[in-house]
Amino acid sequence: MNLDRSKKLYEEALNLLPGGVSSPVRAFKPHPFYTARAEGSKIYDVDGNTFIDYCMAYGPLILGHGNQEVRERIIDQLKSGWLYGTPVELEIKYAKLIRKYYPSIEMLRFVNTGSEATMAALRAARGFTGRDKIVKIDGSFHGAHDAVLVKAGSGATTHGVPNSAGVPAEFVRNTLQVPFNNVESLVDVLEKNRDVAALILEPVMGNSSLILPEKGYLKEIRKITAENDVLLIFDEVITGFRVSMGGAQQYYGIKPDLTTLGKIAGGGLPIGIFGGRKEIMERVAPSGDVYQAGTFSGNPLSLIAGYTTVKILEKKGVLESVNRMTEKLAAGIEDVLKDRGEDCEIASIASMFCIYFGDRPKNYEEALRLDRDRYMEFFWKMLKNGVFLPPSQYETCFVSYAHSDEDVQKTVEAVSRSI
Ligand SMILES: *Cc1c(COP(=O)(O)O)cnc(C)c1O
């Protein structure tokens, strides 16, 4: 595999961009490949290599790269202008469509990123309850803002900085942590802290490898938060419109107080959404006293890309088809691992999957024991075999509607050669 041009570009980038990149996980050693274009399930680099893509921009591209219908609607919108700074009818149409699948979201606001959505949801929870503390899960990732950069997953864990420098200790004094899949520690923390506004979590953890909730865990924490008058925030930035149309909350039958969406909800353009109970959301400015604002919020391009994507997903069989393809792939990989992959496991849910180098974890502490070096060795072998997995053991692999039987077959073969 020739990566000469990528190597040269990266050397130049290192002097211009911290770590050579615009977001940390993209920087893997010795250097990342530079993308020339992407289409369907494939990503093409500047040196002429082609890869089957399971990174899928870290989640948003459930329809694959460059979906034609989404592209056409974006182009239509471009012809009418791409930013107005005024309300558009599409905000109402899209809000109604979201509410149809997320009955817990009675009212919502469009923002620009998942980070912004969780930041605003936490502020709304604090404003509504009049309490300062929040509880998050060890290793969960809710974006790159101060309050949640404590034991944070994703690039923060990959690069060994789960607690960021530059975040004053006073800013995170009110951020408490509990392990995932552990009801007792949540009970304990809520008993010791009477001033907790909210528990925020990824109902399916997708940023510390893939960690599934154990049976009954989410129901139990819903019960406990309600009993303690603590708001429950589901961060469904990854799971929304993926685990099911109604996200993990529909899949597991849980009604959170607030929800954040992003990634798929923007159809590949930047978006974040936070919403939930009307009485909480009505506290958001200008109807209430919790301030939140954004120049690009509700911009028509992100809205049309997201709206069109959700409209395609709601067609009969689309999500089912992506999920079936994922099952096929996971079963194929599992066969190979059983046969030859010592100490390797695979898990999947809907169209997310993860190959673990070590035992399948049930929380962050266990995820930290995974062999990230061996994963990276495997990652490079897969790349040489034409498959682009996320460049970290702590990210989740994503299958899209554009992945074909042929892709699956080639991928299983690549695993067989690489493992
Ligand atoms: C990606 C992600 C975010 C952050 O979203 P950005 O759009 O990158 O700011 C928040 N929460 C979860 C669960 C995510 O996976």
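Residues numbered from 1 in each chain as written. Predicted model: local features only at pLDDT ≥ 70, side-chain atom pairs only at ≥ 80, totals over all residues. Heavy atoms only, no water.

**A word on the site of the ligand**
Argument step 1. Every residue lining the ligand is accounted for by Thr113, Gly114, Ser115, Phe141, His142, Gly143, Glu202, Asn207, Asp235, Val237, Ile238 and Lys263.
Argument step 2. A distance of 3.1 Å separates an oxygen atom of the ligand from a polar side-chain atom of asparagine 207.
Argument step 3. The fraction of the free accessible surface of the ligand (380 Å²) that becomes covered by protein chains is 84%. (Near = heavy atom within 4 Å. Polar contact = N/O pair within 3.5 Å; in protein donor to acceptor, adjacent residues only side chain to side chain. Areas by Shrake-Rupley, 256 points an atom, 1.4 Å probe, with all protein chains shown as cover.)

**Observations regarding helix α1 (residues 4-13)**
Argument step 1. All of the buried residues in α1 are Ser6, Tyr10 and Ala13. The arc that holds the buried residues of α1, viewed along the axis, is 60°, so those residues lie on one side. Facing away from the buried side of α1 by over 90 degrees, the exposed positions are Asp4, Lys8 and Glu12. (Buried < 20%, exposed > 50% of the residue type's maximum accessible area, 1.4 Å probe, protein only. Helix = DSSP H or I, 4+ residues; strand = E, 2+ residues; numbered from the N terminus. Arc of directions from axis to C-beta.)

**Quick look at the packing of helix α2 (residues 68-79) against helix α11 (residues 300-313)**
Argument step 1. It is the contact of α2 with α11, at a shortest axis distance of 9 Å, that shows an interaxial angle of 150°. As judged from the angle between their axes, α2 and α11 are roughly antiparallel. In this structure, α2 meets α11 at a crossing whose hand is right-handed. Here α2 contributes Glu69, Val70, Arg73, Ile74, Gln77 and Leu78 to the contact with α11, which in turn contributes Pro300, Leu301, Ile304, Ala305, Thr308, Thr309 and Ile312.
Argument step 2. The class makeup of the residues in the contact of α2 with α11 is eight nonpolar, three polar and two charged. (Axes fitted to C-alpha atoms, helices over the stretch in contact; angles between N-to-C directions. Parallel < 35°, antiparallel > 145°, perpendicular 65-115°, else oblique. Left-handed = near helix turned anticlockwise from the far one by under 90°. Contact = heavy atoms within 4.5 Å. Nonpolar A, V, L, I, M, F, W, Y, C, P; charged D, E, K, R; others polar.)

**A short note on the pairing of strand β8 (residues 231-235)**
Along any regular strand, the residues point their side chains to alternate faces of the sheet.
Argument step 1. By the criterion of burial, β8 is predominantly enclosed, with five of the five residues buried.
Argument step 2. Inspection of the sheet shows strand β7 (residues 196-201) paired to β8 by four bridges, in the parallel sense. Among the inter-strand pairings, leucine 199 is bridged to a residue of β8, identified as leucine 232.
Argument step 3. One crossover worth recording links β7 to the parallel β8 by way of helix α8 (residues 217-227), and it is right-handed.
Argument step 4. When β8 meets strand β9 (residues 258-262), the two strands line up parallel, connected through three bridges. Pairing of isoleucine 233 across the sheet is with leucine 258, part of β9. (Pairing = 2+ DSSP bridges. Right-handed = clockwise from strand over helix to strand, strands pointing away.)

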